[in-house]
Amino acid sequence: MKGSSVKINKSLIKITTDLFGNDTRNNYTGGEPPMRSELFNADQMEQYGRKLAGSHILGSYHVLDHHLLERLAENELVLKEVHQIITEAVRAKREITPAGEWLLDNFSLIEEHIHTGKRHLPKGYSKELPRLLNGPSKGLPRVYDLALETISHGDGRIDPERLRRFIAAYQTVSVLKLGELWAIPIMLRLALIENLRRVSARIADGRIDRN
């Protein structure tokens, strides 16, 4: 038991040092809570789609072309290390949260989606996608922001009907390019992985507090 506890604490120190330097209380989350905005039904998502389209300003950004790939790699690192922390806690017979149990049970599926994301997001993939000049997603592809909004207003879930009406309503104001429509599935996958990273970071932060 003692050896397992030491191993858990070493893992916690390593990951917080890797990500945030020596300030281990700079919370794992890095100030990024899970994506959770007001839950919208299909009608509300439709209204929001038109509103969002009217607020988006498009421009050309090349400096952040590799941002999504880099972020995917960071997310993979965090998810793997949090998985290791939870696994070691279980071996030490420590109590874990339901969210931690879910991560353990579904980690192979998460890894599969990360690998799919890498295959479907080759270097330079997003270069031709219209990018935003304003808002929280400034410099990123517009379609990625649509994916983030879908996850945020869907409580971390994807409802096909809400998504369909959201995208259709958006296009009554600003038409998406064919490449953006094709990119919706991969962008939704990236947004889900991003949200999982944030939830997992909270799990690790809680484990740091308990230790």
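Scroll up for the structure.
Residues numbered from 1 in each chain as written. Predicted model: local features only at pLDDT ≥ 70, side-chain atom pairs only at ≥ 80, totals over all residues. Heavy atoms only, no water.

Engineer: So what about the pattern of salt bridges? Which residues, and what values?
Structural biologist: Enumeration over the complete set of coordinates arrives at 11 salt bridges. The partner of Arg-165 in a salt bridge is Asp-43, with the nearest N and O atoms 2.4 Å apart. Of this pair, Arg-165 sits in helix α6 (residues 160-171) while Asp-43 sits in helix α2 (residues 42-55); the two residues are 122 residues apart in sequence, bridging distant segments of the chain. For Asp-43, a relative accessible area of 43% gives the class partly exposed. Each of Asp-43, Glu-46, Arg-50 and Arg-165 takes part in a single network of salt bridges with overlapping partners. (Salt bridge = Lys/Arg side-chain N within 4 Å of Asp/Glu carboxyl O. Helix = DSSP H or I, 4+ residues; strand = E, 2+ residues; numbered from the N terminus. Buried < 20%, exposed > 50% of the residue type's maximum accessible area, 1.4 Å probe, protein only.)

Engineer: Run through a nonpolar patch on the surface, naming residues and quoting values.
Structural biologist: On the surface, a nonpolar cluster with roughly 380 Å² of combined accessible area is contributed by Leu-178, Leu-181 and Trp-182. Within the secondary structure, Leu-178 is located in helix α7 (residues 178-210). Owing to a relative accessible area of 60%, Leu-178 belongs among the exposed residues under this scheme. (Patch = residues over 30% accessible without salt bridge, like charges linked within 9 Å, V, L, I, M, F, W, Y side chains within 5 Å. Areas by Shrake-Rupley, 256 points an atom, 1.4 Å probe, with all protein chains shown as cover.)

Engineer: Which residues make up the environment of Ile-96, and what values go with them?
Structural biologist: Residue position: Ile-96 is located in the loop between α3 (67-91) and α4 (98-120). You can call Ile-96 buried: its relative accessible area is 16%. When the C-alpha positions of Ile-96 and Ile-203 are compared, they lie 9.1 Å apart, and in sequence the two are 107 residues distant.

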